Amino acid sequence: MTSCIQTTRRGSACRGVLVAIAFLAASGCSFDAVNPGAIEERALGTEPALVGLVNGFIGDYDDAFQRKVLYAGLLSDEIRASGSWSWWHDADKLGFIDAEAPTGDLFNIPHFLWRPEQRARFLAEETYGRIQEHVESPESSPLAAMSRLYSGMARLDIAQMFCYSTVDGGPRIERPEALDMAGKHFTEAITIATEAGVDSIAQMAHLMRARVRLAKEDYAGAAEDASAVPTGFLWIAHFRNAPGETNDMWFQINRRVEGTIQEPFQNTGDPRVPVVNTGKKGADNVTPRFDQMKYPDQFTPMPMGTWQEARLIQAEAAIRATQTAAGVGFLNQVRAAAELPALNTSMSNADAMTALRTERRMQLFLEGHRYTDMRRFNEFPANWQMTCVPLPLAETQNNPNLQGGG
């Protein structure tokens, strides 16, 4: 899996050039390969090796991201468990996330969410260290900017999804600190990408830092970052035709039917929420089966960051500042792109906040935002047991910093 981005210099729009091809072509690398034997440590400091390492952690993060999107849907009101996995049913219907679930298939949510995110983070940070050591001008290296962007995205996912976190067996990190650490990586990515003249990386880092600031209720800062994201911007996780590289949302809902679309999203009439009533039952032979069509096959890419999300962040900041008409104006930009009628800019501020929450539900459907949005807007049922994911047992039992109440 490779994220599709644009890596051309200033003045370009993001149109989805494969980063692997862009970096390899820029480095003059051949696509022919031979296996000369074990790779020595010193060889990992060469430009072709660094390019390979960057593409490696991008693929690892893409895998972690699509798993996060699946679980975020299940833990929110987007996806209903409809199969034989009792742990999914408990998480979906009760908000109980069992860290002791078996680690076969995708039963154990903490295990299968934590491991790929931490792997992608570690590899991105390790690669960044190698770039600092071996690249002549790392402060203007697109490889360094990409490394900081992806390590920041992994850290942000972990901060937003888990109740708390830790890094490489270290001490417990509470969410505000984890968010700050992710934000620091995005700031570094912006600085390096700007110096390198790679606008798309800087724009994606601005959008990610806007998410950090939104989570920290720094609405003005979030809006400022979001304003740096141009209309038309799109950053995706790409799934190619290769073993093990399948869009899990399609696989678990449309093929295995371990999940189906929940009631609030079954018949919205909104073109951004394409759902089909199959008239059949899920794998449990009980739950009505509604298939999502946002990702109609196993190779459909997933949006990681979009200009529409940026406008929604700007809208929220404006509405919270009681700049209602301006906020609704941002919502209307998003709606216009979906060919939906404009909302009345004269509506009350309370109605505008309701409209914002609806627009986020529709526009960001199955993109990994709904779980954290429900927590941020306090939309979980009163009897919900957990609004964040516990750490997996492997971490809490083997990390001495987390024992004795960690």
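Bear in mind that the values here come from a model prediction, so they are computed numbers and not experimental data.

Right, let's get into the overall build of the protein. Within the protein one finds 14 helices and 8 strands. Looking at the 406 residues of the protein, the share that counts as buried comes to 57%. A separation threshold of at least 6 residues defines the contact pool for the protein, and within that pool the share at least 24 residues apart is 70%. Just so you have it, the protein exposes about 16800 Å², and 51% of that area is on carbon and sulfur atoms.

Taken residue by residue, a regular strand's side chains alternate between the two faces of the sheet. The sheet contact formed by strand S6 (residues 275-281) and strand S7 (residues 288-292) spans 4 bridges and is antiparallel. The residue bridging Asn-277 from the neighbouring strand is Phe-290, located in S7. Here S6 folds back onto S7 in antiparallel fashion, the turn holding 6 residues, of which Asn-285 has a positive phi close to 60°.

Further remarks concern the packing of aromatic side chains. Inspection of the entire model under this criterion finds 14 aromatic pairs. Seen from their ring centres, Tyr-61 and Phe-65 are 6.1 Å apart, and the 35° between their planes marks the pair as tilted. With Tyr-61 and Phe-65 both in helix H2 (residues 47-75), this residue pair falls 4 residues apart, about one helical turn. Residue classification places Tyr-61 among the buried positions, given a relative accessible area of 3%. Among the residues examined, Phe-65 registers a relative accessible area of 2% and is labelled buried.

For the coordinates displayed, the defined rule picks out 29 salt bridges. Between Lys-93 and Asp-92 there is a salt bridge, and its shortest N-O distance comes to 3.5 Å. Residue Asp-92 is classed as buried on the basis of its relative accessible area of 2%. For Arg-172, the salt bridge is made with Glu-174, and the minimal N-O distance between the two is 2.6 Å.

The next subject is the environment of Thr-324. With respect to the helices, strands and loops of the structure, Thr-324 is situated in helix H11 (residues 324-337). Among the residues examined, Thr-324 registers a relative accessible area of 13% and is labelled buried. Spatially, the C-alpha atoms of Thr-324 and Ser-348 are 7.3 Å apart, while their sequence positions differ by 24 residues. Apart from residues lying up to four places away in sequence, Thr-324 is in contact with Ala-318, Met-347, Ser-348, Asn-349 and Ala-352.

Now for helix H6 (residues 175-196). Working note: α-helix, 3.6 residues per turn, so residues spaced by three or four point in the same direction. For H6, which comprises 22 residues, the first-to-last C-alpha distance of 31 Å matches the rise-based estimate of 32 Å (1.5 Å per residue) to within 8%. Every buried residue of H6 is accounted for by Ala-178, Leu-179, Ala-182, Gly-183, His-185, Phe-186, Glu-188, Ala-189, Ile-190, Ile-192, Ala-193 and Ala-196. Phi for Gly-197, located one or two positions after H6, is positive at around 75°.

Attention now moves to the nonpolar core. Judged by nonpolar contacts, the single largest core of 97 residues is most densely connected at Trp-88, Met-146, Leu-149, Tyr-150, Trp-235 and Met-249. Among the elements that take part in this core, H2 stands out by supplying 13 residues, more than any other. By size, the runner-up hydrophobic cluster in this structure holds 12 residues, among which are Leu-312, Val-328, Val-334 and Ala-352.

On to the packing of helix H7 (residues 199-215) against helix H8 (residues 219-226). At a minimum axis distance of 8 Å, the contact between H7 and H8 shows a crossing angle of 170°. Looking at the two axes, H7 sits roughly antiparallel to H8. In the packing of H7 onto H8, the handedness of the crossing is left-handed. Of the residues in H8, those in contact with His-206, Arg-209, Ala-210, Arg-213 and Leu-214 of H7 are Tyr-219, Gly-221, Ala-222, Asp-225 and Ala-226. Its residues assigned to classes, the contact of H7 with H8 comprises 5 nonpolar, 2 polar and 3 charged.

With that settled, the discussion passes to the confidence of the model for the protein. Close reading of the predicted structure is inappropriate where its pLDDT is low. Overall, the prediction assigns the protein a mean pLDDT of 90, with 87% of residues at 70 or greater. Below pLDDT 50 for its whole length, residues 1-33 participates in 83 contacts with residues either more than four positions away or in separate chains.

A few words on the environment of Ala-196. Along the polypeptide, Ala-196 turns up in helix H6. By relative accessible area, which is 5% here, Ala-196 ends up buried. Along the sequence, Ala-196 and Ser-137 sit 59 residues apart, while their C-alpha atoms lie 9.9 Å from each other.

Glancing now at H11. In this model, H11 (14 residues) spans 20 Å end to end at C-alpha, consistent with the 20 Å of a helix rising 1.5 Å per residue. Regarding H11, the residues found buried are Thr-324, Gly-327, Val-328, Leu-331, Asn-332, Val-334 and Arg-335. Buried residues of H11, viewed axially, fall in a sector of 160°; they line one side. In this structure, the buried side of H11 is in contact with helix H10 (307-320) and helix H12 (349-363).

Bringing the packing of helix H5 (residues 142-161) against H6 into the picture now. Where H5 meets H6, the closest approach of the two axes is 8 Å, and the angle between their N-to-C directions is 160°. Here H5 is positioned roughly antiparallel relative to H6, judged by the angle of their axes. Judged by the twist between their axes, the crossing of H5 over H6 is left-handed. Of H6, the residues touching H5 (which contributes Pro-142, Ala-144, Ala-145, Arg-148, Leu-149, Ser-151, Gly-152, Met-153, Arg-155, Leu-156, Ala-159 and Gln-160) are Arg-175, Ala-178, Leu-179, Met-181, Ala-182, His-185, Phe-186, Glu-188, Ala-189, Ile-192, Ala-193 and Ala-196. Of the residues in the contact of H5 with H6, the class split is 16 nonpolar, 4 polar and 4 charged.

About the thresholds
- Residues numbered from 1 in each chain as written.
- Predicted model: local features only at pLDDT ≥ 70, side-chain atom pairs only at ≥ 80, totals over all residues.
- Heavy atoms only, no water.
- Helix = DSSP H or I, 4+ residues; strand = E, 2+ residues; numbered from the N terminus.
- Buried < 20%, exposed > 50% of the residue type's maximum accessible area, 1.4 Å probe, protein only.
- Contact = heavy atoms within 4.5 Å.
- Areas by Shrake-Rupley, 256 points an atom, 1.4 Å probe, with all protein chains shown as cover.
- Pairing = 2+ DSSP bridges.
- Phe/Tyr/Trp six-rings, centres within 6.5 Å; stacked < 30°, edge-to-face > 60°.
- Salt bridge = Lys/Arg side-chain N within 4 Å of Asp/Glu carboxyl O.
- Expected span 1.5 Å × (residues − 1).
- Core = buried A, V, L, I, M, F, W, Y, C linked by side-chain atoms within 4.5 Å.
- Axes fitted to C-alpha atoms, helices over the stretch in contact; angles between N-to-C directions.
- Parallel < 35°, antiparallel > 145°, perpendicular 65-115°, else oblique.
- Left-handed = near helix turned anticlockwise from the far one by under 90°.
- Nonpolar A, V, L, I, M, F, W, Y, C, P; charged D, E, K, R; others polar.
- pLDDT = per-residue confidence, 0-100.
- Arc of directions from axis to C-beta.

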